[in-house]
Amino acid sequence: MNTPLVKGWCPGAHRPMEAEDGLVLRIRPHAGRLNRSQAIGLADCARRYGSGRIALTRRANLQIRGVKEDTLTELWGTLDGLGLLDRDERSEARRNIVVDPFGGDTARELATALETALAEADDLESLPSKFGFVVDPAARRQLASISGDVRIEGRADGLLVRADGLETGRSVSGTSEAVQAALELARWFIASGGVGADGRGRMVRHVVRVPLTAELSGNKRPAEAVSPPIPGATAHGVLAGAAFGQLRADQLDALARIASDIVVTPWRAVFLPGCDVEDLAEIPDLILDPCDPLGRIEACPGAPSCAQASVETEAIARALAPSLPPGLRLHVSGCAKGCAGSGVADITLTGRRDRFDLVQGGAAWDEPDRRGLAPQDLLGLWDS
């Protein structure tokens, strides 16, 4: 198999990405939320224009796959009517924000204000497409493990704005000052040469090479980080996981008829405020039990959906799930890019020429411990 092609950018709604099964459109819900009408409408879009499945991404976005180019104009019109289409590609690309799904009104207010400011900040047009913002304002940080270049975070005594890669941030007072400080960091990143000749660049690497000014770096540490949440009941609703980060259109439609708001999270799950687990009992294939082994497996679409994959991934992942040892995390990747992975897994299976390589305690691109395993060999994997 050839070296996987790394495109270096993520799809949007205005700028779809071509895949083997059609175009991929990424939808960025405002402040990370879909209201009931938007969720029902998006489910209908996935059925009418795509494959009928909606992917949940690590950036708390949604993706429709399998879209045909000749239906794009009609799809854009539908998304616009739902309030899910930015005015143009440039403003959409800048609105790369992950919001704490449990952050309540504070997080929503910050995210909305930041979205508005970014839409108006044409001088930030040169930011790399993967340059992102994290809104994590609670007294205990939920999003510490989520990638983001500029972070608005909480402390016991208020808010701070921090450049990713630095231990301290700048204390700010209120929403307006937080948004202003976040944009100042993004402007410093551009002005100080953070964007490479290829248009790429990340804050965490840039602040190592170019010291941030004392005014922008600040001297306040963010609040304590907490572990990522697990599926099931929470104090204020239900976190419902989706196997391999994929929701079917009928699942999203059913969720929308139960919950007035659906909050998209970066954990391949949706948060349903005000709901109980019992409310979702009739919706099949959701991950609601923290012990469900499917919640510990990551898998990309694989072949035939992706041209760079030579193996089926989801079928293998489902076959391995019942025997997955407790506590073990598994990543099944169609190629060495490891798109679905959120980091190191206990076991990673990487597709290569219709077979799998096995990596222990690593990622899809790491040197394998075993090579050339046939799909049928994997069924006894935990016994070997």
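Residues numbered from 1 in each chain as written. Predicted model: local features only at pLDDT ≥ 70, side-chain atom pairs only at ≥ 80, totals over all residues. Heavy atoms only, no water.

Student: Go over the nonpolar core with me, naming the residues and quoting the values.
Tutor: Core analysis: the biggest nonpolar cluster contains 46 residues, and Leu 42, Leu 79, Ile 262, Leu 272 and Leu 280 have the highest contact counts within it. When residues in this core are grouped by element, the largest group, six residues, is from helix H1 (residues 36–49). Shared between two domains, this core takes at least three residues from each, and those domains are domain 1 (17–89 + 232–287) and domain 2 (103–216). Excluding its chain neighbours within four sequence positions, the residues that come into contact with Leu 272 are His 236, Gly 237, Val 238, Ala 240, Leu 255, Ala 259, Asp 261, Ile 262 and Leu 280. (Core = buried A, V, L, I, M, F, W, Y, C linked by side-chain atoms within 4.5 Å. Buried < 20%, exposed > 50% of the residue type's maximum accessible area, 1.4 Å probe, protein only. Helix = DSSP H or I, 4+ residues; strand = E, 2+ residues; numbered from the N terminus. Domains from an automatic or database assignment. Contact = heavy atoms within 4.5 Å.)

Student: How would you summarise the pattern of salt bridges if you had to cite specific residues and measurements?
Tutor: Under the counting rule described, the total for this entry stands at 29 salt bridges. Among the salt bridges present, the one from Arg 170 reaches Glu 184, with a minimum N-O distance of 2.6 Å. Here the residue Arg 170 occupies a position in strand E10 (residues 170–172), and Glu 184 occupies one in helix H5 (residues 174–191), the gap between them amounting to 14 residues. With relative accessibility at 24%, the residue Glu 184 sits in the partly exposed group. (Salt bridge = Lys/Arg side-chain N within 4 Å of Asp/Glu carboxyl O.)

Student: If you had to explain helix H4 (residues 104–120) to someone new, which residues and values would you point to?
Tutor: Helix length check: H4 (17 residues) gives 25 Å between terminal C-alpha atoms against 24 Å at 1.5 Å per residue, within 8%. Considering only its buried residues, H4 is in contact with helix H3 (89–94), strand E6 (97–99), strand E7 (133–136), strand E8 (150–155), strand E9 (158–163) and H5. (Expected span 1.5 Å × (residues − 1).)

Student: Go over the side chain of Thr 348, please, and point to the residues and values.
Tutor: Relative to the elements of secondary structure, Thr 348 occurs in strand E19 (residues 345–352). A polar atom in the side chain of Thr 348 sits 3.2 Å from the backbone oxygen of Gly 362. With sequence-adjacent residues up to four places away left out, Thr 348 is seen in contact with His 331, Asp 357, Leu 358, Val 359, Gly 362, Ala 363 and Ala 364. (Polar contact = N/O pair within 3.5 Å; in protein donor to acceptor, adjacent residues only side chain to side chain.)

Student: How would you summarise the domain arrangement of the protein chain if you had to cite specific residues and measurements?
Tutor: For the protein chain, the domain assignment lists domain 1 (17–89 + 232–287), domain 2 (103–216) and domain 3 (293–378). Taken over C-alpha atoms, the centre of domain 1 sits 26 Å from the centre of domain 2. Each partner contributes residues to the interface: domain 1 has 10 residues there, and domain 2 has 13 residues. With both sides pooled, the region where domain 1 packs onto domain 2 buries about 840 Å², and carbon together with sulfur makes up 43% of that total. For the domain 1 face of the interface with domain 2, the top three residues by lost area are Ala 31, Arg 59 and Trp 267, together amounting to 52%. (Buried area = accessible area lost by both parts, 1.4 Å probe.)

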